[in-house]
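# What the coordinates show
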Amino acid sequence: VVEIGQPEHSAVTTCAYCGVGCTFKAEMRGEEIVRMVPWKDGKANHGHSCIKGRFAYGYALHRDRVTSPMIREKITDPWREVSWEEAISHAASEFKRIQAKYGRLAVGGITSSRCTSEETFLVQKLIRSGFGNNNVDTCARVCHSPTGYGLSQAFGTSAGTQDFDSVAEADVVLIIGCNPTDAHPVVGAQIKRRLREGAKLIVVDPRRTELVRSPHIEAAFHLPLRPGTNVAIVTALAHVIVKEGLVNVAFVRERCDFDEYLEWAAFVAEERNSPEQIEKFTGVPAHLVRGAARLYATGGNATIYYGLGVTEHSQGSTTVMAIANLAMATGNLGRRGVGVNPLRGQNNVQGSCDMGSFPHEFPGYRHVSDDNVRELFEEAWGVPLDGEPGLRIPNMFDAAVDGVFKGMYVQGEDILQSDPDIKHVSAGLGALECLVVQDLFLNETANYAHVLLPGASFLEKDGVFINAERRIQRVRRVMSPKAGYADWEVTQLLANALGCNWTYTHPSQIMDEIARLTPTFKGVSYEKLERDGSVQWPCNDATPEGMPIMHIDGFARGKGKFVITEYVPTEERAGPRFPLLLTTGRILSQYNVGAQTRRTENSQWHPEDVLEIHPHDAEVRGVREGDWVRVQSRAGETTLHAKITDRVAPSVVYTTFHHPLCQTNVVTTDNSDWATNCPEYKVTAVQVSPSNGP
Ligand code: SF4
């Protein structure tokens with residue numbers, strides 16, 4: 001029995017794990033966490049939570065926390081603890097030296113979706129106004145950048161259309177490429193509740209996820225497609241809807257560009273897009289596609305949830321637009337119980353995108369080449385700004401390998417573990433002359449760093465996170481930063497050492513600046529958040545109380561845009577050498593690269609990544625349950641324990657990427673989405689063979 005004592009102080013704050021954004025009361029005894037209590041007034045969770053937010057907070061006090069800045073000349077040197085002044089001054093002088101020697105564009109940085117929106121705003125501001133270029137990107141590059149691109153093409157806004165509560169009025173739930181039970185558990189529970197009340201479920205997933213069949217829930221249709229064929233399946237659903245006269249023509253005429261619709265309808269109606277034709281390569285029986293299409297179009301309010309199983313493909317953006325087409329064609333937008341809902345991965349990935357963490361966009365998704373917008377920021381920040389888009393994350397690694405990109409500031413991301421094709425990432429990081437990593441721990445990326453700046457956990461700072469339903473919620477400091485500074489303060493120190501003259505004394509001032517410069521945040525302030533608890537952007541003069549449901553009267557871009565979504569097979573093909581397709585995902589107890597959850601009690605439930613393999617594929621390879629297997633792809637190889645299960649279809653294998661030693665991303669390839677460079681984590685051709693272990 002552990003005596004945890006009575007709390008002495010507390011604050012209501014927001015979970016730092018997934019994009020659901022559950023609210024908790026953090027109860028503290030001095031600098032110790034007594035417990036995290038799910039907050040009944042939390043608008044995203046209504047008092048619910050999962051085992052990550054509720055129990056996996058021990059990492060904040062873990063002995064592995066970096067508590068002193070460190071520097072080293074070469075990455076083979078040992079780390080040397082130094083003062084904050086020396087570390088910041090060294091980092092700034094290195095960035096200045098590199099720019100003087102190699103040019104303005106030779107440095108850049110990556111913002112963190114784990115940090116607050118104010119912190120990501122400051123990092124992009126530092127890069128734009130301190131480095132003088134747009135070489136800033138965020139981990140959304142590797143997860144939901146296709147959502148940003150695809151939804152803004154279709155609707156004019158790069159975000160989900162609904163609030164989570166809206167599912168209570170859904171009659172049909174279509175889930176594509178996501179597993180909310182594990183990855184977004186509180187939303188998963190909301191969906192389950194609605195399904196138990198009688199809503200019908202369609203699941204499009206290569207794997208039989210728990211939602212397909214669980215107590216009291218059975219999907220009406222499970223479409224177990226071959227990885228990489230999303231576009232074909234969604235277009236075939238549209239084919240049935242168009243050919244069988246199930247289009248909501250009144251909605252389309254009123255709300256969408258009708259000429260584009262006609263062109264699109266003619267395209268999807270072509271025989272090559274029929275369920276019978278695509279069955280040949282998707283592996284999904286045509287009658288299931290026909291049944292699912294009829295249910296989605298005629299079953300009442302139909303809502304779509306999708307995740308990284310949609311976006312992390314070479315056609316990720318195309319699938320997002322195909323999903324938007326489906327919702328527009330059936331009129332399932334602009335009211336409760338319908339919509340298109342991307343389940344964003346990280347706690348603040350929506351916020352980091354909103355804050356201009358992309359190389360082509362200022363905060364509020366405004367292109368850097370727009371003279372009027374640039375002038376607005378130039379006037380506010382007092383420096384000329386670059387109108388050319390900068391480098392995306394993979395292009396930074398390419399440029400580093402090519403010798404033209406030499407310095408990088410990475411805040412709160414472990415890109416060496418999270419990004420695909422680790423060999424290429426290592427080569428890029430290894431070629432840098434100055435890598436500054438700001439993190440809670442000495443992560444994998446820090447192996448290549450020259451300066452390590454201690455990060456602060458969500459319990460050590462004030463700010464906001466923005467969840468997958470665009471809800472802006474406060475993060476409140478309940479303990480002092482372990483190394484003395486919150487992340488926004490460190491960025492300010494670095495910016496000022498580079499010659500900026502920032503004088504923020506509290507994150508509320510940063511939010512005030514965001515509100516001044518970003519029309520969708522114009523009405524947001526800490527005062528408002530204190531008063532109302534949270535607000536869903538856009539929050540401005542037109543919608544002072546925010547907007548739970550978007551596109552009620554019209555789309556942000558005017559008329560909704562139907563885009564022709566031609567299926568183009570990925571270059572990653574199974575063949576004699578690599579006959580199986582590997583796809584990846586997450587499990588409930590762990591989180592992404594596991595930097596936090598592995599340092600909590602949750603690690604006992606999933607101590608390693610394992611390879612799920614179908615009984616037939618295991619048998620022909622002589623693999624038994626629990627055996628070591630070698631997983632080889634054209635990018636690399638790793639060794640995992642085998643788990644034999646018919647949750648995966650024959651010829652498909654599955655694993656997670658929570659543990660660095662398992663090195664899942666050694667085997668993933670450098671294929672990426674045609675529009676956004678989002679990596680194709682979900683399709684890797686592999687061979688699996690018995691092994692004696694790593
Ligand atoms: Fe945190 Fe997501 Fe779990 Fe909620 S569902 S407690 S936000 S990890």
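Because the structure is a prediction, the values reported are computed rather than measured.

## Overview of the nonpolar core
Counting 66 residues, the largest nonpolar core has Phe95, Leu126, Ile472 and Leu494 as the members making the most contacts within it. Counting residues per element, this core draws most heavily on helix α2 (residues 84-102), which supplies seven residues. Residues contacting leucine 494, with those up to four places away along its chain left out, are Ile88, Ala91, Ala92, Phe95, Leu126 and Tyr409. Membership of the second largest hydrophobic core comes to 54 residues, among which are Tyr261, Val284, Ala293 and Phe562.

## Concerning the site of the ligand
Near the ligand you find Cys15, Tyr17, Cys18, Val20, Gly21, Cys22, Phe24, Cys50, Lys52, Gly53, Pro185 and Val186, and these make up its full shell. The site holding the ligand turns out to be the second largest cavity. Mapped by element, the contributors of at least two residues to the shell around the ligand are α1 (51-55) and α6 (185-196). Split by residue class, the shell around the ligand holds nine nonpolar, two polar and one charged.

## Looking at the packing of helix α3 (residues 117-131) against helix α19 (residues 487-497)
At a minimum axis separation of 9 Å, α3 and α19 run at an interaxial angle of 15°. When the axis of α3 is compared with that of α19, the two are roughly parallel. As α3 runs across α19, the sense of the crossing is left-handed. Contacts between α3 and α19 involve Glu119, Leu122, Val123 and Leu126 from the first element and Asp487, Trp488, Thr491, Leu494 and Ala495 from the second. A per-class count over the contact of α3 with α19 returns six nonpolar, one polar and two charged.

## As for the confidence of the model for the protein
When pLDDT is averaged along the protein, the result is 92; 96% of the residues meet or exceed 70. Here the predicted complex carries an ipTM of 0.99, next to a pTM of 0.90.

## Quick look at the layout of surface pockets
Space inside the largest pocket adds up to approximately 510 Å³. Forming the walls of the largest pocket are 30 residues, and the residues nearest its centre are Ser152, Gly156, Thr157, Ser158 and Tyr365. It is helix α4 (residues 145-154) that provides the largest number of residues to the lining of the largest pocket, a total of five residues. Its residues assigned to classes, the lining of the largest pocket shows twelve nonpolar, 13 polar and five charged.

## Comments concerning helix α15 (residues 371-381)
Restricting attention to buried positions, one finds in α15 the residues Val373, Arg374, Phe377 and Trp381. For α15, the arc enclosing every buried residue in end-on projection is 100°, short of the 170-degree limit, so these residues lie on one face. In α15, those exposed residues whose orientation departs by more than 90 degrees from the buried face are Asn372 and Glu379. Where α15 is buried, its residues meet α3, β15 (361-362), β16 (366-367) and α20 (507-517).

## Topic: the packing of aromatic side chains
Following the criterion strictly, the structure yields 17 aromatic pairs and no others. Each ring, one from phenylalanine 121 and one from tryptophan 381, has its centre 6.1 Å from the other, and the planes form 80°; the classification is edge-to-face. Of this pair, phenylalanine 121 sits in helix α3 while tryptophan 381 is found in helix α15, placing the two residues 260 residues apart along the sequence. The residues phenylalanine 121 and tryptophan 381 share a single accessibility class, namely buried. Here a set of aromatic residues connected by ring pairs shows up, and it is made of Phe121, Phe362, Phe377 and Trp381. Against the face of phenylalanine 258 rests arginine 253, its NZ or CZ located 4.2 Å from the ring centre. It is arginine 255 that lies over the ring of phenylalanine 555; its NZ or CZ is 4.7 Å from the centre.

## Here we look at the pairing of strand β20 (residues 463-466)
Side chains Gly463 and Phe465 project from β20 onto one buried face, and the interleaved Val464 and Ile466 project onto a second face that is buried too. Here β20 pairs with strand β21 (residues 471-475) via four bridges, running antiparallel. Among the inter-strand pairings, valine 464 is bridged to a residue of β21, identified as arginine 474. Counting the residues between successive antiparallel strands, the hairpin from β20 to β21 contains four residues, one of them, arginine 470, with a positive phi of roughly 65°.

## Quick look at the pattern of salt bridges
Applying the stated criterion across every chain, the model contains 41 salt bridges. The closest approach of N and O atoms between lysine 682 and glutamate 312, which form a salt bridge, is 3.8 Å. Residue lysine 682 is located in the loop between β27 (652-656) and β28 (684-690), and its partner glutamate 312 is located in the loop between α12 (308-311) and α13 (316-329); the two are separated by 370 residues in the primary sequence. This pair shows no difference in class: lysine 682 is buried, exactly as glutamate 312 is. The closest approach of N and O atoms between glutamate 433 and lysine 406, which form a salt bridge, is 3.8 Å. Of this pair, glutamate 433 sits in the loop between α18 (422-430) and β18 (434-439) while lysine 406 sits in the loop between α16 (393-401) and β17 (407-411), and the two are 27 residues apart along the sequence. On the accessibility criterion, lysine 406 (12% relative accessible area) is buried.

## Some details on empty space enclosed by the protein
Tallied over the full model, the rule gives six cavities of 30 Å³ or more. A volume near 90 Å³ is recorded for the second largest cavity. The wall of the second largest cavity is formed by 13 residues, among which Cys15, Cys18, Val20, Cys22 and Cys50 lie closest to the centre. Contributions of two or more residues to the lining of the second largest cavity are made by α1 and α6.

Reading the values: the criteria
- Residues numbered from 1 in each chain as written.
- Predicted model: local features only at pLDDT ≥ 70, side-chain atom pairs only at ≥ 80, totals over all residues.
- Heavy atoms only, no water.
- Core = buried A, V, L, I, M, F, W, Y, C linked by side-chain atoms within 4.5 Å.
- Buried < 20%, exposed > 50% of the residue type's maximum accessible area, 1.4 Å probe, protein only.
- Helix = DSSP H or I, 4+ residues; strand = E, 2+ residues; numbered from the N terminus.
- Contact = heavy atoms within 4.5 Å.
- Near = heavy atom within 4 Å.
- 1 Å grid on protein atoms, 1.4 Å probe; cavity = no way out; pocket = protein on both sides within 12 Å on 5 of 7 lines; lining within 4 Å.
- Sits in = over half its atoms within 2 Å of the grid points.
- Nonpolar A, V, L, I, M, F, W, Y, C, P; charged D, E, K, R; others polar.
- Axes fitted to C-alpha atoms, helices over the stretch in contact; angles between N-to-C directions.
- Parallel < 35°, antiparallel > 145°, perpendicular 65-115°, else oblique.
- Left-handed = near helix turned anticlockwise from the far one by under 90°.
- pLDDT = per-residue confidence, 0-100.
- Points joined across faces, edges and corners; volume = space filled by probe spheres on them.
- Arc of directions from axis to C-beta.
- Phe/Tyr/Trp six-rings, centres within 6.5 Å; stacked < 30°, edge-to-face > 60°.
- Lys NZ or Arg CZ within 6 Å of the ring centre and 35° of its normal.
- Pairing = 2+ DSSP bridges.
- Salt bridge = Lys/Arg side-chain N within 4 Å of Asp/Glu carboxyl O.

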